[in-house]
Amino acid sequence: MTPREIARRYAEALYAAAEDDGALRITGNLDEVCATLRDVPRLRRWMEHPLVSREAKQQFLRQAFPDVATPTARALALLVQNGRERLIEIVAEEFAAVSAERAGLVPVVIATARALDEDERSRLKDRLEKSLGRPVRMSERVDRSLIAGVRVETMGRVLDGSVRASLERLRVALGEGGEG
C-alpha cells in the first residue's frame, strides 16, 4: 500500500469521527500542525526521527496543540503510535480531499513559487471551476523549487505549468535527458 493510500484511510476515519465536530475545524487543526512542521524544519526532523520515543512525540503534540479537536488529537496520536508521523501532511491533504468530495467539491492542490494574493487566488479558482465544470476547494502550498508558474493536482492528474517543468521539458527535447 502506498503512503497516499495509507493516508487516505486515516483521513476517511478522521472524517467519520469529525462529522460531529465539523470538518472545517479539523481542517484548521491539521493546517496548523502542518504549517508548524513546515516552518520549523528542526522540529519536523525531530518528529520524524526514529530514535525519538513515540511517547515524547505524543506529549509534544498534546502540549504544542492543546486546543485541537478531540478527533484531530486522537488521529495525530494514532499516527505517532503506528510510526506514521511522516504522513501527517499527506493525511491533511487527503482529509481536505475527503471533505471536499463529501461536500460535492473538486479537491485541488495548488503549488506555487510564492503565496498567491486574493486576486490571483480568485482568478485561478474561477478558471478551474470553469474548466472542471464543478465548484472547487483549493488547498495551496508554496514550493520555492518551482521558480514561477503553478502546479495543479486534481482528481489524480497533475497539470504542471511551472517554469521548472518547462525547463525540464526543454532539456529533454534538446537531448540532454538524463546524462550528466
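Placed above this text is the structure.
Rules used throughout
Throughout this document, residue positions are counted from 1 along each chain, in the order its sequence is written. This being a predicted model, a pLDDT of at least 70 is required before a residue's local features are given, and a value of 80 or more before pairs of side-chain atoms are given or counted; all residues contribute to the totals for chains, interfaces and linings. With hydrogens and water excluded, all non-hydrogen atoms of the structure serve as input to the side-chain values. Cavity means a closed set of points on a 1 Å grid over the protein atoms alone, one where a 1.4 Å probe fits but cannot get out, pocket means an open set with protein on both sides within 12 Å along at least 5 of 7 lines, and lining means a residue has an atom within 4 Å of a point. Grid points are joined across faces, edges and corners, and a volume is the space filled by probe spheres set on the points. Strands are runs of DSSP state E lasting at least two residues, helices are runs of H or I lasting at least four, and both sets are numbered from the N terminus onward. Side-chain classes follow a simple rule in which Ala, Val, Leu, Ile, Met, Phe, Trp, Tyr, Cys and Pro form the nonpolar group, Asp, Glu, Lys and Arg form the charged group, and the remainder, Gly included, forms the polar group. With a 1.4 Å probe rolled over the protein chains alone, any residue whose accessible area is under 20% of its type maximum counts as buried; one over 50% counts as exposed, and the rest are partly exposed. N or O atoms closer than or at 3.5 Å make up a polar contact, with two conditions inside protein: a donor-capable atom paired with an acceptor-capable one, and, for residues adjacent in sequence, both atoms drawn from side chains. Should any heavy atoms of two residues lie within 4.5 Å, those residues are counted as being in contact. A pair is scored as a salt bridge if a Lys or Arg side-chain nitrogen falls within 4 Å of a carboxyl oxygen belonging to Asp or Glu. To define a nonpolar core, start from buried Ala, Val, Leu, Ile, Met, Phe, Trp, Tyr and Cys residues and group those joined through side-chain atoms within 4.5 Å.

Asks: Just checking my understanding: could you explain empty space enclosed by the protein for this structure?
Replies: Over the atoms, a rolling probe the size of a water molecule traces out where space has been left empty. Scanning the entire structure with this criterion turns up one cavity of 30 Å³ or more. By volume, the largest cavity is sized at about 50 Å³. In terms of lining, the largest cavity is formed by Leu37, Arg44, Met47, Glu48, Glu85, Arg86, Leu87, Ile88 and Glu89. Looking at the lining of the largest cavity, the elements that each hand over two or more residues are helix 3 (41–48) and helix 6 (88–102). Broken down by element, the residue count for the lining of the largest cavity peaks at three residues, all from helix 3. A class-by-class count of the residues in the lining of the largest cavity yields four nonpolar, no polar and five charged.

Asks: Teacher, can you tell me more about the side chain of glutamate 94 here?
Replies: Tracing the chain through its elements places glutamate 94 in helix 6. You can call glutamate 94 buried: its relative accessible area is 9%. Side chain to side chain, glutamate 94 and arginine 4 meet in a polar contact 2.8 Å long. In this view, glutamate 94 contacts Arg4, Ala7, Arg8 and Ala11; residues no more than four positions away in its chain are not counted.

Asks: What exactly am I supposed to notice about the pattern of salt bridges here?
Replies: Here the idea is simple: oppositely charged side chains can pair when their charged atoms come close. For the structure shown, the criterion picks out 16 salt bridges. Residue glutamate 85 pairs with lysine 57 through a salt bridge whose shortest N-O separation is 2.7 Å. Here glutamate 85, found in the loop between helix 5 (70–81) and helix 6, pairs with lysine 57, found in helix 4 (residues 54–64); they are 28 residues apart in sequence, far enough to count as distant. Note on accessibility: glutamate 85 and lysine 57 belong to one class, buried. Taken together, the salt bridges that share partners define one network made up of Arg4, Arg8, Glu12, Glu93, Glu94 and Glu101.

Asks: Explain the layout of surface pockets to me, please; I cannot follow it from the model alone.
Replies: The space that makes up the largest pocket amounts to roughly 800 Å³. Together, 35 residues line the largest pocket, and Glu93, Ala96, Ala97, Val109 and Ser139 are the ones closest to its centre. When contributions to the lining of the largest pocket are tallied by element, the ones reaching two or more residues are helix 1 (3–18), helix 2 (23–39), helix 6, strand 1 (106–112), strand 2 (136–142) and strand 3 (150–154). Among the elements that make up the lining of the largest pocket, the one with the highest residue count is helix 6 (nine residues). Its residues assigned to classes, the lining of the largest pocket shows 16 nonpolar, five polar and 14 charged.

Asks: Quick question: what am I supposed to make of the nonpolar core here?
Replies: Across soluble globular proteins, nonpolar side chains show a tendency to be buried alongside one another. Judged by nonpolar contacts, the single largest core of 28 residues is most densely connected at Ile26, Met47, Ile88 and Phe95. Of all the secondary-structure elements, those providing two or more residues to this core are helix 1, helix 2, helix 3, helix 5 and helix 6. When residues of this core are assigned to their parent elements, the largest contribution, seven residues, is made by helix 1. Here phenylalanine 95 is in contact with Ala11, Leu14, Tyr15, Ala18, Ala23, Ile26, Thr27 and Leu30, once residues within four sequence places are set aside. The next biggest cluster of nonpolar side chains, apart from the first, holds nine residues, and it includes Val106, Leu116, Met138 and Val152.

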